[in-house]
Amino acid sequence: VAGAAALLVQLHPAWTSQQVKSALMSTAGPAWGNSQRTAEAKVTLEGAGLINVPRANDPQLFTNPASISLGELDITGGAVTRDTLVQLSDAGGGAGTWTVTLAPQSATTGVTITPPPLVTMAPGGDLSLPVSVHAAATATVGDQMGFIVLTKGTVARRIPYYFEVVKPALANVPATELK
């Protein structure tokens, strides 16, 4: 990773460290979870995936943050909604309309992730990609992970996401003072 980052810095000295990180992560390809290369490894194991320096050299979009981590969504007190924004910037060649889809790797019932279906980037522009996550009060607890995928023509860029829906079993048990 350090060598790939150093190469990108050498090729693009004006890029910030966040832009280098974004270029490496959003253009990464699948890291395989099996030797037959039929199942992609989970985000918690692969991160963004395998670095592809030629693709990272032309990321078209920069994302900030480069990945989405929402921590725990505790549904003990009822439904929980959490919103976040991913800032997108034209990295050169990124202008146009991008289709936004989800590629979940692990999801439980009662949980929804809602990005807009399309975003349109102006030449040299910036925009905010809103992402809303909702866990119903009756949601099944567990890990939620995968990728938000931005596609324009044959170009795809991935933003990994992770969060966990929890409902601690002892959350509503009254505490007893030890004597």
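None of the values given here were measured: they were computed from a predicted structure.

Undergrad: Please explain the sheet that holds strand β3 (residues 80–90) as it appears in this structure.
TA: Read from one edge to the other, the open sheet built from four strands follows the order β1-β3-β7-β5, with strand pairing classed as antiparallel. The strands lining the two open edges of the sheet, one partner per strand, are β1 (61–64) and β5 (111–114). Within this sheet the neighbouring strands show an average axis-to-axis angle of 20°, counted without direction. The pairing of β5 with strand β7 (residues 126–135) spans four bridges and is antiparallel. Considered in β7, the bridge of T112 is made with H134.

Undergrad: Is there a simple way to explain the nonpolar core in this structure?
TA: Counting residues in each nonpolar core, the largest one holds 27 residues, and the members touching the most others are I68, L88, V119, L129, I148, L150 and F163. Secondary-structure elements contributing two or more residues to this core are β2 (68–74), β3, β4 (96–106), β5, β6 (118–121), β7, β8 (142–152) and β9 (155–166). Among residues more than four places away in sequence, those in contact with L150 are L61, L88, W98, T99, V100, V119, L129, V155, A156, R157 and I159. A4, V20, A23 and A56 belong to the second-largest nonpolar core, a separate cluster that totals eight residues.

Undergrad: What exactly am I supposed to notice about the pairing of β4 here?
TA: In the case of a regular strand, side chains alternate between the two sheet surfaces. Across four bridges, the pairing between β4 and β6 is antiparallel. Across the sheet, the residue bridging to T97 is T120, located in β6. Two elements, β4 and β8, share seven bridges in a ladder whose sense is antiparallel. Looking across to β8, one finds that T101 is bridged to V149.

Undergrad: Even after reading the chapter, I still don't get helix α2 (residues 17–26), so can you show me in this structure?
TA: In an α-helix there are 3.6 residues to a turn, and that puts residues three or four apart on one side. Three or more residues of α2 are buried, namely V20, S22, A23, L24, M25 and S26. Elements that come into contact with the buried residues of α2 comprise α1 (2–11), α4 (53–56), β1 and β9.

Undergrad: Would you mind going over the sheet that holds β9 with me for this structure?
TA: The pairing of strands in a sheet comes from backbone hydrogen bonds and takes either a parallel or an antiparallel form. Read across the open sheet, the five strands follow the order β2-β9-β8-β4-β6; overall the sheet is mixed. Looking at which strands have only one partner, the edges of the open sheet turn out to be β2 and β6. Recorded for the sheet is a direction-independent mean angle of 25° between the axes of neighbouring strands.

Undergrad: Sorry, what's going on with the packing of aromatic side chains here?
TA: For any pair of aromatic rings, the description consists of the separation of the ring centres together with the inter-plane angle of the planes. Overall, the coordinates contain two aromatic pairs when judged by the stated rule. With centroids separated by 5.0 Å and ring planes inclined at 85°, the aromatic side chains of W15 and F62 adopt a geometry described as edge-to-face. With W15 in the loop between α1 and α2 and F62 in strand β1, this pair connects stretches of sequence that are 47 residues apart. Over the face of the ring belonging to F147 we find R158, whose NZ or CZ atom lies 3.7 Å from the ring centre.

Undergrad: Is there a simple way to explain unusual backbone geometry in this structure?
TA: For residues other than glycine, phi is negative in most cases, and the peptide bonds are mostly trans. For the peptide bond that leads from N64 to P65, omega is 10°, which places it in the cis range. Within the secondary structure, P65 is located in the loop between β1 and β2. With phi around 55°, R37 is a residue other than glycine that occupies positive phi space. Along the chain, R37 turns up in the loop between α2 and α3 (43–46). In this model, Q60 sits at a positive phi of 65°, which is unusual for a non-glycine residue. With respect to the helices, strands and loops of the structure, Q60 is situated in the loop between α4 and β1. Given a relative accessible area of 11%, Q60 falls into the buried group.

Reading the values: the criteria
- Residues numbered from 1 in each chain as written.
- Predicted model: local features only at pLDDT ≥ 70, side-chain atom pairs only at ≥ 80, totals over all residues.
- Heavy atoms only, no water.
- Pairing = 2+ DSSP bridges.
- Helix = DSSP H or I, 4+ residues; strand = E, 2+ residues; numbered from the N terminus.
- Axes fitted to C-alpha atoms, helices over the stretch in contact; angles between N-to-C directions.
- Core = buried A, V, L, I, M, F, W, Y, C linked by side-chain atoms within 4.5 Å.
- Buried < 20%, exposed > 50% of the residue type's maximum accessible area, 1.4 Å probe, protein only.
- Contact = heavy atoms within 4.5 Å.
- Phe/Tyr/Trp six-rings, centres within 6.5 Å; stacked < 30°, edge-to-face > 60°.
- Lys NZ or Arg CZ within 6 Å of the ring centre and 35° of its normal.

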